[in-house]
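Residue strings, one per chain:
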Amino acid sequence: MQGRYDLVVIGSGAGATTAAFRCRAAGWRVAIVDHRPFGGTCALRGCDPKKVLVGIADALDQSQRLRGKGISGGEPSIDWRQLMAFKRSFTDPVPNRREEELAKHGIDAFREHARFRGPNAIEVGNQTLETRFTLIATGAVPMRLGIAGEEYLATSTDFLELDELPKRLVFVGGGFIAAEFSHVAARAGAAVTILERSPTVLAQFDQELVGWLNDKSAGLGIDIRLKTRVESIEKTRDGFRVVTISEGTRSVVEADLVVHAAGRTPDLETLDLAAANVSQESGRLLLNEFLQSTSNPAVYAAGDAASSGPPLTPVASRDGAVVAANMVEGNQQRPNYQGVASVVFTIPPLASVGLLEDEAQRRNLRYRVRHEKTSDWYTARRVGEDCSGFKILIEDGTERILGAHLIGPHAEEVINVFALAIRADLPVSRLKEAIFAYPTAGSDIAYML
């Protein structure tokens, strides 16, 4: 055996580094292993670079919405190469910074593939690391779809590295990736088609508000096809042919790029979990309430690899903190996912926290709904946004907020107030008596309640 550690972390994203730093602060000898550039999905291939693209598209969109209201002059447009260069100014420095930070704290870093060679042994390159504990924080990868020509699908990572934006884009699947990237691409001049096999897109969000967003998307020229199954993807001289079936009818969509947007699954395949007696089922780790493997107590998981909470960066960070505490102090902490907000960074953004109406009904909860379109409210009208509104579920008796669903300017920020209220069990009265800065989107909250 070469290299003895208290903890070996597989992965270098938010959950991985949170746990590594906390265990190192406890005096442990820690190593991090990742075959990809250090930094994880969010910083390099997800949230952060995506938001850079969305920010530029939003600036363009706002200038267009305010034409004739004080904005004049030449028509602005997105220069894709400049946008990619701007995006890389955020992502390119991350791996070196992360490795420098790890070295500064005395954490060994290995740029290698990791593979279990026993319950407490991990092969890294040409050596084996012996460890008391292992944390699996490998994130997620696009799920296999089982369609002919699947190998031609580009990933979200590929999209974020495009030097030129293709003229015709097809997204297979109607989740976060399709919604967000389609709003950027359409505003940059691409023709976009979204193919979703179910009757809805963004199923985890309030469907009435999703309908408003779909109308906004259609106005941009985005073609959303529901109940449409992709049968095959074929390579042609000029691009790709995507063969679909919808209600028994076969049709073809021509594309220059076809992007996988149909969901992700924990990235576990290359780890050889069986060698460590780490049980899984249907591609997911079997964990107890402490995020510990049910079959190997020396192994924990965090973030998307754990699939315990929503697949979000703040959840991964919190998982990492919980796991670190449980490894150092013994199993005492359980993750709490109450009041975790989700945002689709379309333009405008769509945000949600807490229960949807059908979930509240299934639980036989008694509640009232506050629901309104707000395109004529000051916050939306000031920036020329015609897609804006909310739906708030308030429990009878307790006056607790059960769920909050927002679309419109600054929804991605305002949702955090509702998330805090849900997590802290604050009644509506506490929010109504708060004095928010005015005029801000936050000052609209009292009128929503």
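Residues numbered from 1 in each chain as written. Predicted model: local features only at pLDDT ≥ 70, side-chain atom pairs only at ≥ 80, totals over all residues. Heavy atoms only, no water.

A.B. asks: How should the packing of helix α1 (residues 14–25) against helix α9 (residues 313–329) be read in this particular structure?
C.D. replies: Each pair of packed helices can be described by the angle between their axes along with the distance between the axes. The N-to-C vectors of α1 and α9 enclose an angle of 30 degrees; their axes lie 7 Å apart at closest approach. Here α1 is positioned roughly parallel relative to α9, judged by the angle of their axes. The hand of the α1/α9 crossing is right-handed. In this structure, α1 uses A14, G15, T18, A19, R22 and C23 to contact α9, whose residues at the interface are T313, A316, S317, G320, A321, A324, M327 and V328. Here the contact of α1 with α9 is built from residues that sort into 8 nonpolar, 5 polar and 1 charged. (Axes fitted to C-alpha atoms, helices over the stretch in contact; angles between N-to-C directions. Helix = DSSP H or I, 4+ residues; strand = E, 2+ residues; numbered from the N terminus. Parallel < 35°, antiparallel > 145°, perpendicular 65-115°, else oblique. Left-handed = near helix turned anticlockwise from the far one by under 90°. Contact = heavy atoms within 4.5 Å. Nonpolar A, V, L, I, M, F, W, Y, C, P; charged D, E, K, R; others polar.)

A.B. asks: When you look at the packing of helix α3 (residues 47–65) against helix α7 (residues 176–187) in this model, what are you seeing that I'm missing?
C.D. replies: Packing of α3 against α7 brings their axes to within 9 Å, and their N-to-C directions diverge by 45 degrees. On the basis of the axis angle, α3 is oblique to α7. Of the two elements, α3 crosses α7, and the hand of that crossing is left-handed. On α7, the residues touching K50, L53, V54, A57, L60 and D61 of α3 are E180, F181, V184 and R187.

A.B. asks: Would you mind going over the layout of surface pockets with me for this structure?
C.D. replies: Which parts of space are left empty comes out when a probe the size of a water molecule is rolled across the atoms. Approximately 680 Å³ is the volume attributed to the second largest pocket. Lining the second largest pocket are 34 residues, with A140, V141, P142, D267 and E269 sitting closest to its centre. Within the residue set of the lining of the second largest pocket, elements represented by two or more residues are α2 (40–45), β7 (140–142), α6 (156–159) and β15 (264–266). Across the lining of the second largest pocket, the residue classes break down as 11 nonpolar, 13 polar and 10 charged. If you count residues domain by domain, the lining of the second largest pocket takes at least three from each of domain 1 (5–142 + 265–329) and domain 2 (150–262). (1 Å grid on protein atoms, 1.4 Å probe; cavity = no way out; pocket = protein on both sides within 12 Å on 5 of 7 lines; lining within 4 Å. Points joined across faces, edges and corners; volume = space filled by probe spheres on them. Domains from an automatic or database assignment.)

A.B. asks: Help me understand helix α8 (residues 207–219) in this model?
C.D. replies: Think of an α-helix as 3.6 residues a turn; residues three or four steps apart then line up on the same face. In a regular helix each residue adds 1.5 Å, so 13 residues correspond to 18 Å; α8 covers 18 Å between its end C-alpha atoms and thus fits that length. When we look at burial in α8, the residues that qualify are L209, V210, W212, L213, K216 and S217. The arc that holds the buried residues of α8, viewed along the axis, is 155 degrees, so those residues lie on one side. Exposed residues lying more than 90 degrees from the buried face of α8 are D215 and G219. On the buried face of α8, the contacting elements are α7, β10 (223–225), β20 (350–354), β21 (367–373), β22 (389–395) and β23 (401–407). Where α8 begins, one side-chain oxygen reaches toward the backbone nitrogen of E208, 3.1 Å away; that side chain belongs to D206. (Expected span 1.5 Å × (residues − 1). Buried < 20%, exposed > 50% of the residue type's maximum accessible area, 1.4 Å probe, protein only. Arc of directions from axis to C-beta. Polar contact = N/O pair within 3.5 Å; in protein donor to acceptor, adjacent residues only side chain to side chain.)

A.B. asks: Teacher, can you tell me more about the UniProt feature "domain: Pyridine nucleotide-disulphide oxidoreductase dimerisation" (unreviewed entry) in the protein here?
C.D. replies: Sites flagged by UniProt as "domain: Pyridine nucleotide-disulphide oxidoreductase dimerisation" (unreviewed entry) map to residues 340–442. Taken end to end, residues 340–442 is 27% helix and 28% strand, and its first and last C-alpha atoms sit 18 Å apart. (UniProt positions renumbered as here; feature names shortened; annotations may be inferred.)

A.B. asks: Sorry, what's going on with the nonpolar core here?
C.D. replies: Note on soluble globular proteins: their nonpolar side chains tend to be buried together. If you look at the biggest cluster of nonpolar residues, it comprises 53 residues, and the most contacted ones within it are W80, F159, L169, F171, I392 and F418. With 7 residues, the top contributor of residues to this core is helix α12 (residues 411–423). (Core = buried A, V, L, I, M, F, W, Y, C linked by side-chain atoms within 4.5 Å.)

A.B. asks: Got a minute to help me understand empty space enclosed by the protein in this structure?
C.D. replies: Under the defined criterion, the tally for this structure stands at 2 cavities of 30 Å³ or more. In this structure, the largest cavity occupies an estimated 150 Å³ of space. In terms of lining residues, the largest cavity is bounded by 17 residues, among which S388, I407, P409, D444 and M448 are the most central. Going through the elements one at a time, α11 (378–381), β22, β23 and α12 are the ones with two or more residues in the lining of the largest cavity. Split into classes, the residues belonging to the lining of the largest cavity amount to 10 nonpolar, 6 polar and 1 charged. Of the volumes computed, that of the second largest cavity is approximately 80 Å³.

A.B. asks: When you look at the packing of aromatic side chains in this model, what are you seeing that I'm missing?
C.D. replies: Within a pair of aromatic rings, the relevant descriptors are the distance that separates the centres and the angle that separates the planes. Taken as a whole and judged by the stated rule, the model has 10 aromatic pairs. Measuring from centroid to centroid gives 5.8 Å for Y152 and F240, while their planes differ by 50 degrees, and the two rings are tilted. Taken together, the residues span a long stretch of sequence, with Y152 in the loop between β7 and α6 and F240 in strand β12 (residues 240–246) at a distance of 88 residues. Given the relative accessible area of 11%, F240 is considered buried. With a centroid separation of 5.8 Å and 55 degrees between ring planes, the pair formed by W377 and F390 is classed as tilted. You can see W377 sitting in the loop between β21 and α11 and its partner F390 sitting in strand β22, a full 13 residues away along the chain. Joined through ring pairs, the aromatic side chains of W80, F159, F171 and F181 make up one cluster. Here the basic side chain of R132 rests over the ring of W28, its NZ or CZ set 4.5 Å away from the ring centre. The side chain of K235 reaches across the aromatic face of F240, ending 5.1 Å from its centre. (Phe/Tyr/Trp six-rings, centres within 6.5 Å; stacked < 30°, edge-to-face > 60°. Lys NZ or Arg CZ within 6 Å of the ring centre and 35° of its normal.)

A.B. asks: Before we go on, may I ask you to explain the domain arrangement of the protein in this structure?
C.D. replies: As a measure of interface size, the accessible area lost when the parts come together is often cited. We note that the domain assignment places domain 1 (5–142 + 265–329), domain 2 (150–262) and domain 3 (341–447) within the protein. Computed over C-alpha atoms, the centres of domain 2 and domain 3 are 29 Å apart. Contacts between domain 2 and domain 3 engage 16 residues on the former and 24 residues on the latter. Both faces combined, the contact of domain 2 with domain 3 buries some 1,600 Å², and carbon together with sulfur accounts for 72% of it. Among the residues domain 2 hides against domain 3, the three largest losses belong to F205, L209 and W212. Together they make up 39% of the total. (Buried area = accessible area lost by both parts, 1.4 Å probe.)

A.B. asks: Would you mind showing me how to read the environment of K69 here?
C.D. replies: Assignment of secondary structure puts K69 in the loop between α3 and α4 (80–91). Given the relative accessible area of 60%, K69 is considered exposed. Along the primary structure K69 and G384 are separated by 315 residues, whereas in three dimensions their C-alpha atoms are 8.8 Å apart.

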